[in-house]
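Chain by chain, the residues run as shown.
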Amino acid sequence: MGKDMNKQEPIIRCFNVSKWYENLCALKKINLDICTGEFVFITGPSGAGKSTLLKILYLDETASEGQIVVDGMNLARISKARMPYLRRRLGVVFQDFKLIPNRTVYENVALVLEVAGVKKSLIRQKVLQVLRITGMTRKIHALPPTLSGGEQQRVAFARAVVGEPAIIIADEPTGSLDHDSARIIFNLLVKYNDKGVTILIASHNLHLINNTNRGRHIHLTNGELQLM
Ligand SMILES: Nc1ncnc2c1ncn2[C@@H]1O[C@H](COP(=O)(O)OP(=O)(O)OP(=O)(O)O)[C@@H](O)[C@H]1O
């Protein structure tokens, strides 16, 4: 299939997705298609439901109602055996990095591939490659607490992409970073999008959003979706 045709195919589909936390409705009947290779920004005020939507997509939460299909897999019906495969199709970047503090940069990134059973020599090759892309090679033996916030996020980014995901989901990845570090992370997202990776990013950083011609902008308010 040609690249242009590929772009038309939704890699994420949400049909009437709702999420309740007890009496609180965090998402209300969300309908959303995201095509392969798209770059999508989700904005909205605090409490609008951005993280909830992303968590459902990266399997950290389950929807209360509705149907979600990610990369052809219906999340409500996916078998336990297929779950690790789906997780590997997703690279997740968090605002607070979520690195393991007592493991080195190399070990943090390598862990993803070790869990997936990749052989050691290939792990080394892939980890070195993503550390080079993220500019973190010289900190390969450092522990995360000794790194700046921007450096920690670059390691977290390397960890998210080392398994060559089809989709990168980033929840406020630049939220705690200074402007230059935010720009580096944003440029990495753009670089991967250029390779065909689908990007879904929740961000308050209107400066970055407004300074790129890239992407579709989706706005959430009180759990309801508005296409911009
Ligand atoms: N585990 C939870 N239990 C109960 N309520 C929750 C839980 N997680 C989120 N909520 C509530 O759901 C609503 C949506 O929260 P969510 O974190 O998705 O918003 P958000 O748009 O990501 O906000 P922010 O920009 O501040 O991160 C909020 O009212 C929040 O308090």
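Residues numbered from 1 in each chain as written. Predicted model: local features only at pLDDT ≥ 70, side-chain atom pairs only at ≥ 80, totals over all residues.

**As for the packing of helix α4 (residues 105–115) against helix α6 (residues 149–161)**
Viewed as axis vectors pointing N to C, α4 and α6 meet at an angle of 25°, and their least axial separation amounts to 8 Å. Accordingly, the angle class assigned to the pair α4 and α6 is roughly parallel. In the crossing of α4 with α6, the sense of the turn from one axis to the other is right-handed. Counted together, Val 105, Asn 108, Val 109 and Val 112 of α4 and Val 155, Ala 158 and Arg 159 of α6 form the full contact between these two elements. When the residues that make up the contact of α4 with α6 are grouped by side-chain class, the tally is five nonpolar, one polar and one charged. (Axes fitted to C-alpha atoms, helices over the stretch in contact; angles between N-to-C directions. Helix = DSSP H or I, 4+ residues; strand = E, 2+ residues; numbered from the N terminus. Parallel < 35°, antiparallel > 145°, perpendicular 65-115°, else oblique. Left-handed = near helix turned anticlockwise from the far one by under 90°. Contact = placed C-beta atoms within 7 Å. Nonpolar A, V, L, I, M, F, W, Y, C, P; charged D, E, K, R; others polar.)

**Some details on the nonpolar core**
Ranked by internal contacts, the top residues of the largest apolar core, which has 60 residues, are Val 109, Ala 158, Ile 168, Ile 169 and Leu 189. Excluding residues that lie within four positions of it along the chain, Ala 158 makes contacts with Val 109, Val 130, Leu 131, Thr 134 and Met 136. (Core = buried A, V, L, I, M, F, W, Y, C linked by C-beta atoms within 7 Å. Buried ≥ 20, exposed ≤ 12 C-beta atoms within 10 Å, placed from the backbone.)

**Side note on the pairing of strand β7 (residues 167–171)**
Among the five residues in β7, five count as buried, and that is most of the element. The alternating pattern of β7 places Ile 167, Ile 169 and Asp 171 and Ile 168 and Ala 170 on opposite faces, both of which are buried. The sheet contact formed by strand β6 (residues 90–94) and β7 spans five bridges and is parallel. Each residue of the ladder has a partner; that of Val 93, found in β7, is Ala 170. Bridging between β7 and strand β8 (residues 198–202) involves five bridges; their strand directions are parallel. From the neighbouring strand, Ala 170 faces β8, where its bridge partner is Ile 201. For the handedness criterion, the β-α-β arrangement of β7, helix α7 (residues 179–194) and β8 is classed as right-handed. (Pairing = 2+ DSSP bridges. Right-handed = clockwise from strand over helix to strand, strands pointing away.)

**Side note on the packing of α6 against α7**
Packing of α6 against α7 leaves a shortest axis separation of 9 Å and a crossing angle of 15°. Put simply, α6 runs roughly parallel to α7. For the crossing formed where α6 meets α7, the hand is right-handed. Residue-level contacts link Gly 149, Gly 150, Gln 153, Arg 154, Phe 157 and Val 161 of α6 to Ser 181, Ile 184, Ile 185, Leu 188 and Tyr 192 of α7.

**Examining helix α2 (residues 50–57)**
With six of eight residues buried, α2 lies mostly within the body of the structure. For α2, the complete set of buried residues consists of Lys 50, Thr 52, Leu 53, Leu 54, Ile 56 and Leu 57. Residue Leu 59 follows α2 closely and has a positive phi angle near 70°.

**Things to note about the confidence of the model for the chain**
Atomic detail in the predicted coordinates should be set aside for any region of low pLDDT. Considering every residue of the chain, the mean pLDDT works out to 92; 96% of them sit at 70 or more. Low pLDDT (under 50) marks residues 1–6, which in the prediction has three contacts with non-local residues, meaning those over four places away or in another chain. (pLDDT = per-residue confidence, 0-100.)

**Focus: the site of the ligand**
All residues in the neighbourhood of the ligand are listed as Tyr 21, Leu 24, Ala 26, Gly 44, Ser 46, Gly 47, Ala 48, Gly 49, Lys 50, Ser 51 and Thr 52. Of all elements in the fold, only β2 (24–35) and α2 reach the threshold of two or more residues within the shell around the ligand. Looking at side-chain class alone, the shell around the ligand contains four nonpolar, six polar and one charged residues. (Near = placed C-beta within 6 Å.)

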